[in-house]
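For reference, the chains in residue letters:
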Amino acid sequence: MASKRGALIVLEGVDRAGKTTQCKKLVQALQASGRPAEMMRFPDRTTTIGQLISAYLEKKSDLEDHTVHLLFSANRWELVPLMKQQLDRGITLVVDRYAFSGVAFTSAKPGFCMDWCMKPDVGLPKPDLVMFLQLNPAEAALRGQFGSERYETSAFQKSVQQKFKQLMKDPSVNWKVIDASKNVDDVHDDIKHHSLNAISAAENTPLGELWK
Ligand code: NYM
């Protein structure tokens, strides 16, 4: 008998909203309650493509803007067989950034429209739930300085936030906005609540295709 599939759960948000901390806490909580779960993150800097992206982000190399956009997308596509295999085995995947970051960051650059940015990711496994960790720029600033990677300036992050807002208008994606200004445990409780609902719903529905 085929086992129930796992859910594909994505956390998105501006930098310093707490995505990585919350992904880890969610995976731990799911595992502790006997639900198989694993964390993934994009970009996955461990692959050959991921290493090109990492060097670009660290400003060790320059890449043309369309090219790096397509590499971010290729980095997701190269992990799709593994993702599908794990979901089929009943493992819930908790993913730190996905195609939404891809579109929000590239379309915040001059000369890019969201429609072009979405195209390479059309047909990726569709998340059962996308949680956007909302934090206003003033609160984010209180959490410390930006790092030194590309895109880590407050002006660019503001444009990225606007692009996320546009993406969240799409009713074909199950978006939930999470107030990330609350303390870590309260944010975790909200995230866990939405995730448990998504895991139950996913058991009875086939995996969808993103933006198709
Ligand atoms: N980023 C991330 C993109 O520009 N496009 C993408 O498709 C993805 C997944 O990479 N500033 C950007 C957002 C971040 C940077 O992410 C690296 P992280 O989570 O800091 O490793």
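The residue numbering used here restarts from 1 in each chain and proceeds along that chain's sequence as written. The predicted nature of this model means local features are confined to residues of pLDDT at least 70 and side-chain atom pairs, given and counted, to a pLDDT of 80 or more, with totals for whole chains, interfaces and linings taken over all residues. In computing side-chain values, all of the structure's heavy atoms are included and hydrogens and water are not.

## Section: the pattern of salt bridges
Then, number 1: In the sections that follow, a salt bridge refers to a side-chain nitrogen of Lys or Arg positioned within 4 Å of a carboxyl oxygen of Asp or Glu. Considering all chains together, one arrives at 13 salt bridges under this definition.
Then, number 2: The partner of Arg150 in a salt bridge is Asp62, and the shortest N-O contact between them spans 3.1 Å. In this pair, Arg150 sits in the loop between helix H7 (137-142) and helix H8 (154-167) while Asp62 sits in the loop between helix H2 (48-57) and helix H3 (65-77), placing the two residues 88 residues apart along the sequence.
Then, number 3: Between Lys182 and Asp190 there is a salt bridge, and its shortest N-O distance comes to 2.9 Å.
Then, number 4: On the basis of relative accessible area, Lys182 is assigned to the partly exposed category, the value being 34%. Only runs of H or I of at least four residues qualify as helices and only runs of E of at least two qualify as strands under DSSP, and these elements are numbered from the N terminus. Only protein chains enter the calculation, and the probe is 1.4 Å; a residue is then buried if its accessible area is under 20% of its type maximum, exposed if over 50%, and partly exposed in between.

## Structural notes on the sheet that holds strand S1 (residues 8-13)
Then, number 1: Two strands qualify as a pair provided DSSP detects at least 2 bridges between them. Across the sheet, five strands lie side by side as S2-S3-S1-S5-S6; this open sheet has parallel pairing. Here the strands that pair on one side only, and so sit at the sheet edges, are strand S2 (37-41) and strand S6 (175-179). When strand polarity is set aside, the average angle formed by the axes of neighbouring strands in this sheet is 25°.
Then, number 2: Where S1 lies against strand S5 (residues 129-134), five bridges are found, and the strand directions are parallel. Residue pairing for S5: Glu12 is matched across the bridge by Phe132. Angles here are taken between N-to-C directions and fall from 0 to 180 degrees, while the axes themselves are lines fitted to C-alpha atoms, restricted in helices to the stretch in contact.

## Some remarks on the pairing of S5
Then, number 1: Among the six residues in S5, five count as buried, and that is most of the element.
Then, number 2: Pairing between S5 and S6: five bridges, direction parallel. Opposite Gln134, over in S6, you have Asp179 as the bridge partner.

## Concerning the site of the ligand
Then, number 1: Here, proximity means that at least one heavy atom of the residue falls within 4 Å of the molecule or strand. Near the ligand you find Arg41, Phe42, Pro43, Arg45, Leu57, Phe72, Arg76, Arg97, Ser101, Gly102, Phe105 and Tyr151, and these make up its full shell.
Then, number 2: Side-chain polar atom of Arg41 to an oxygen atom of the ligand: 3.4 Å apart, as the coordinates give it.
Then, number 3: In the model, an oxygen atom of the ligand is placed 2.8 Å from a nitrogen or oxygen of the Arg76 side chain.
Then, number 4: Note that accessible areas follow from Shrake-Rupley with a 1.4 Å probe, and for residues the cover is restricted to the protein chains shown. When the free accessible area of the ligand is taken as 490 Å², the share hidden by the protein chains comes to 93%.
Then, number 5: If you list the elements that add at least two residues to the shell around the ligand, you get H3 and helix H5 (99-107).
Then, number 6: For the shell around the ligand, the element with the most residues is H5, which contributes three residues.
Then, number 7: By residue class, the composition of the shell around the ligand is six nonpolar, two polar and four charged. Any pair of nitrogen or oxygen atoms within 3.5 Å is treated as a polar contact; in protein, a donor-acceptor pairing is required on top of that, and neighbouring residues in sequence qualify only through side-chain atoms on both sides. Residues are grouped as follows: Ala, Val, Leu, Ile, Met, Phe, Trp, Tyr, Cys and Pro are nonpolar; Asp, Glu, Lys and Arg are charged; every other residue, Gly included, is polar.

## Here we look at H3
One turn of the α-helix equals 3.6 residues, which is why residues spaced by three or four share an orientation.
Then, number 1: For H3, spanning 13 residues, the distance from its first C-alpha to its last is 19 Å, which sits close to the expected 18 Å at 1.5 Å a residue.
Then, number 2: Within the sequence span of H3, burial applies to Val68, His69, Leu71, Phe72, Ser73, Asn75 and Arg76.
Then, number 3: Buried residues belonging to H3 abut H2, helix H4 (80-88), H5 and helix H6 (114-118). A helix is expected to reach a length of 1.5 Å times the quantity of its residues less one. We call two residues in contact when some of their heavy atoms are within 4.5 Å.

## Considering the environment of Arg97
Then, number 1: Its location among the elements puts Arg97 in the loop between strand S3 (92-96) and H5.
Then, number 2: For Arg97, a relative accessible area of 17% corresponds to the buried category.
Then, number 3: For the pair Arg97 and Thr47, spaced 50 residues apart in sequence, the C-alpha to C-alpha distance is 16 Å.
Then, number 4: Discounting residues that sit within four places of it in the chain, Arg97 has contacts with Val10, Leu11, Glu12, Gly13, Asp15, Lys19, Phe42 and Phe105.

## Brief notes about the packing of H5 against H8
Then, number 1: The interhelical angle for the contact between H5 and H8, taken along N-to-C directions, is 130°, at an axis separation of 8 Å. Overall, the two elements H5 and H8 adopt an arrangement that is oblique. Where H5 crosses over H8, the two elements pack in a sense that is right-handed. On the side of H5, the interface is formed by Phe100, Ser101, Val103, Ala104, Phe105 and Ser107, while H8 contributes Phe156, Gln157, Val160, Lys163, Phe164 and Leu167.
Then, number 2: Its residues assigned to classes, the contact of H5 with H8 comprises eight nonpolar, three polar and one charged. Throughout this description, any angle smaller than 35 degrees is read as roughly parallel, any larger than 145 degrees as roughly antiparallel, any in the 65 to 115 degree range as roughly perpendicular, and the remainder as oblique. Two helices cross in a left-handed way if the nearer one is turned anticlockwise from the farther one by less than a right angle. They cross in a right-handed way if the turn is clockwise.

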